[in-house]
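# A closer look at the structure
Next come the chains, spelled out residue by residue.
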Amino acid sequence: MNISSLFNVNAKDIRDTAIKVGTLSAKGNGQFDTILGQALDTLNTTNQYIQESDEQKMLFAMGLVDNTHDMTIAAGKADTALQYTVVVRDKLLEAYRELMQIQI
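Residues numbered from 1 in each chain as written. Predicted model: local features only at pLDDT ≥ 70, side-chain atom pairs only at ≥ 80, totals over all residues. Heavy atoms only, no water.

On to the overall build of the chain. Tallying secondary structure elements over the chain gives three helices and zero strands in all. Listing each helix as α and each strand as β along the chain from the N terminus yields α-α-α. Relative to its 104 residues, the chain shows a buried fraction of 21%. Taking the intrachain contacts of the chain between residues at least 6 apart in sequence as the baseline, contacts between residues at least 24 apart amount to 57%. Surface accessibility of the chain: about 7,700 Å² in total, with carbon and sulfur atoms responsible for 57%. (Helix = DSSP H or I, 4+ residues; strand = E, 2+ residues; numbered from the N terminus. Buried < 20%, exposed > 50% of the residue type's maximum accessible area, 1.4 Å probe, protein only. Contact = heavy atoms within 4.5 Å. Areas by Shrake-Rupley, 256 points an atom, 1.4 Å probe, with all protein chains shown as cover.)

This part is about helix α2 (residues 32-62). Under the 1.5 Å per step criterion, the end-to-end length of α2 is 45 Å for 31 residues, consistent within 8% with the ideal 45 Å. For α2, the full list of buried residues reads Gln38, Ala39, Thr42, Thr46, Tyr49 and Ser53. Where α2 terminates, the next one or two residues include Gly63, which has phi positive at roughly 85 degrees. (Expected span 1.5 Å × (residues − 1).)

It is worth spelling out the pattern of salt bridges at this point. Evaluated as defined, the whole model comprises two salt bridges. Among the salt bridges present, the one from Arg89 reaches Asp90, with a minimum N-O distance of 2.8 Å. With relative accessibility at 46%, the residue Arg89 sits in the partly exposed group. Accessibility expressed as a relative area gives 36% for Asp90, which makes it partly exposed. Among the salt bridges present, the one from Lys91 reaches Glu94, with a minimum N-O distance of 3.8 Å. Of this pair, Lys91 and Glu94 both sit in helix α3 (residues 68-101), three residues apart, which is roughly one turn of the helix. Given the relative accessible area of 38%, Lys91 is considered partly exposed. (Salt bridge = Lys/Arg side-chain N within 4 Å of Asp/Glu carboxyl O.)

In this section: the confidence of the model for the chain. Looking at the chain, pLDDT values average 78 and 71% of them are 70 or higher. Averaged over each element, pLDDT in the chain is lowest for helix α1 (residues 12-27) (57) and highest for α3 (89). Predicted confidence for residues 24-28 stays below pLDDT 50, and this span has four contacts to residues more than four positions away or in other chains. (pLDDT = per-residue confidence, 0-100.)

Right under this line is the structure:
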């Protein structure tokens, strides 16, 4: 899947992650531990965005925050990061299945 559409996202962290993954495949650095480490970093970042979004929603529901703009931005960042993480997961599973089908 082409992830170039993610470069239009305004969230700096998501754009940086997309650039990092893009440069990884451009360099041809195929070290499994590097790829897995970056996938885990992406997962941790996604988890952090989801937690921040949930915090903003909770604060808004309790009436402690009046600004819906911050809540909307946090929810958008979490949604985009989750979509990106799902794409990465699907690609990893696809690669694993392909490796399992190779006959020795």
